Amino acid sequence: MNLRTLEPSNPRTHSFHITHHCTTMGARTGVLQTPHGEIETPNFIFCATKAAIKGLAPDVMKRAGSDIILSNLYHLMLQPGADVIEHQGGLHDFMRWQGPMLTDSGGYQVFAMQFGGISDEVKGRNKAARPNTVIDITEEGVIFQSYIDGRKILLTAETSMHMQRQLGADLIMAFDECTAFHHSKDYQIAALARSNRWGMRSLEAFTKQNSDGKQALYGIVQGAHYQDLRESAMQDVTALPYFGTAVGGSFGKSKDDLYSIIKWCAPLHKPERPVHLLGVGDIADIFVGIKYGIDTFDCVQPTRLGRHGVALMPSENGGRLNLRNARFRDDKTPLDPEHHHEFTSHFTRGYLHHLIKAEEMLGMQILVEHNVAVMNRLMRDIRHGIRTGTLEQVEAKWLSNACVVDTTKTYGEARG
């Protein structure tokens, strides 16, 4: 099969068109159409890793303004199993979420099951707590041991495509190997070539099974923190008829590394394709990505912070409130005095401090919903700023109280 002669997947049921270009930078707005509805871009995709947003039901995600969520193949293939979800009607029916969905291919877990996640790998932690379950990486695929029952499993490009088909998400990812930044350049070169071959196999398997056009496939750009490898990966991905492009893998040790990778990739994107940045959720990082044409982002950060008692609060010094701190014990101030989100903003900071300290589930639910609403408000403001030529003012407003970006800071948010 000559993959390069195929039409991008899948123009009949999926489409992406740009509605506005920024005149001074690469930022743009668009509409991404899927069989389960459309989303305006730029947009943020929340991580329902195991077919659930931790702490929030789908209707609560909707009232907080969410348009799209994602789930992860790796975890769902182990529990409850892709065949079980298929029997339940796919993820949309299984979760009772009727909006657009994305699934990851499982390739990221090749990395995460070895190193525990980007931040853990950078900082060298959690190695004892998280044993390496990856047995071998071969041309065929990845052999790993289930963390649930210990059985050995082979995950390949073909099985990833088949199981993502069973899960039924609108947007899916090609199978890839996410390398670690400490791997040698020789290993990065070999892994990148392998990921490209896996990508072509993913595309071939996807094309055979997607005759009804229910799904669209993204190719993933790897290459770690090497400019020549990132540019080579971009050329390989854009040469193949993927529907979209996802920039992923190791983003190095620092914010500077991440921003360099975004900049290297930007001139090589196909402008008619949607571009996704995997595993990035810091507000400052989102603004950088927006300026270089990134259309969608995903990260566990907003919901994870809420579960740990932290509220995203751009109007406060540092841009966050850690409601575990004792200073909030007697605080009668509403969580958000400007009442941006009617369902959470009126709870007092003192009450939320109590709930978090008492480990009451309600406290985590309120803060997770608040953080989801904040991220959705951020993306609405960004879209408005692009359309009206005021993106720089929007950025200044959102980051005015944040700490000055430390570009030597570890980039530590993993893909869901």
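Whatever comes next refers back to the structure up there.
Below: a short report on this structure. (Residues numbered from 1 in each chain as written. Predicted model: local features only at pLDDT ≥ 70, side-chain atom pairs only at ≥ 80, totals over all residues. Heavy atoms only, no water.)

On to the pairing of strand β6 (residues 101-104), then. Within a regular beta strand, the side chains point alternately toward one face of the sheet and then the other, so they alternate between its two faces. Taking every second residue as pointing to the same face, both faces of β6 are buried, with Met101 and Thr103 on one and Leu102 and Asp104 on the other. Direction of pairing for strand β5 (residues 69-72) relative to β6: parallel, over a ladder of four bridges. Bridge pairing in β6 links Ile69 to Met101. Across two bridges, the pairing between β6 and strand β10 (residues 171-173) is parallel. In the strand pairing of β10, Thr103 is matched with Ile172. (Buried < 20%, exposed > 50% of the residue type's maximum accessible area, 1.4 Å probe, protein only. Helix = DSSP H or I, 4+ residues; strand = E, 2+ residues; numbered from the N terminus. Pairing = 2+ DSSP bridges.)

Here the focus is the packing of aromatic side chains. Under the definition given, this model contains six aromatic pairs. Centre to centre, the rings of Tyr74 and Phe144 are 4.9 Å apart; their planes meet at 40°, and the pair counts as tilted. Linking Tyr74 in helix α2 (residues 73-78) with Phe144 in strand β8 (residues 141-145), this pair joins segments that are 70 residues apart in sequence. Grouping residues by exposure puts Tyr74 and Phe144 together as buried. A network of ring pairs unites the aromatic residues Tyr74, Phe144 and Tyr147 as a single cluster. The residue whose ring lies beneath Arg63 is Phe343, and the NZ or CZ to ring-centre distance is 4.2 Å. (Phe/Tyr/Trp six-rings, centres within 6.5 Å; stacked < 30°, edge-to-face > 60°. Lys NZ or Arg CZ within 6 Å of the ring centre and 35° of its normal.)

For helix α9 (residues 227-239), built from 13 residues, the straight-helix expectation of 18 Å at 1.5 Å per residue is met to within 8% by its first-to-last C-alpha distance of 18 Å. Every buried residue of α9 is listed here: Leu229, Arg230, Ala233, Met234, Val237 and Thr238. The buried residues of α9 occupy an angular sector of 155° when the element is viewed end-on, so they sit on one face. (Expected span 1.5 Å × (residues − 1). Arc of directions from axis to C-beta.)

All right, on to the environment of Pro274 then. Tracing the sequence through the fold places Pro274 in the loop between α10 (255-265) and β13 (275-277). Pro274 sits 56 residues away from Tyr218 along the chain, and the two C-alpha atoms are 8.9 Å apart. Setting aside chain neighbours within four positions, we find Pro274 in contact with Phe16, Arg28, Leu32, Tyr218, Phe243, Gly244, Thr245 and Asp295. (Contact = heavy atoms within 4.5 Å.)

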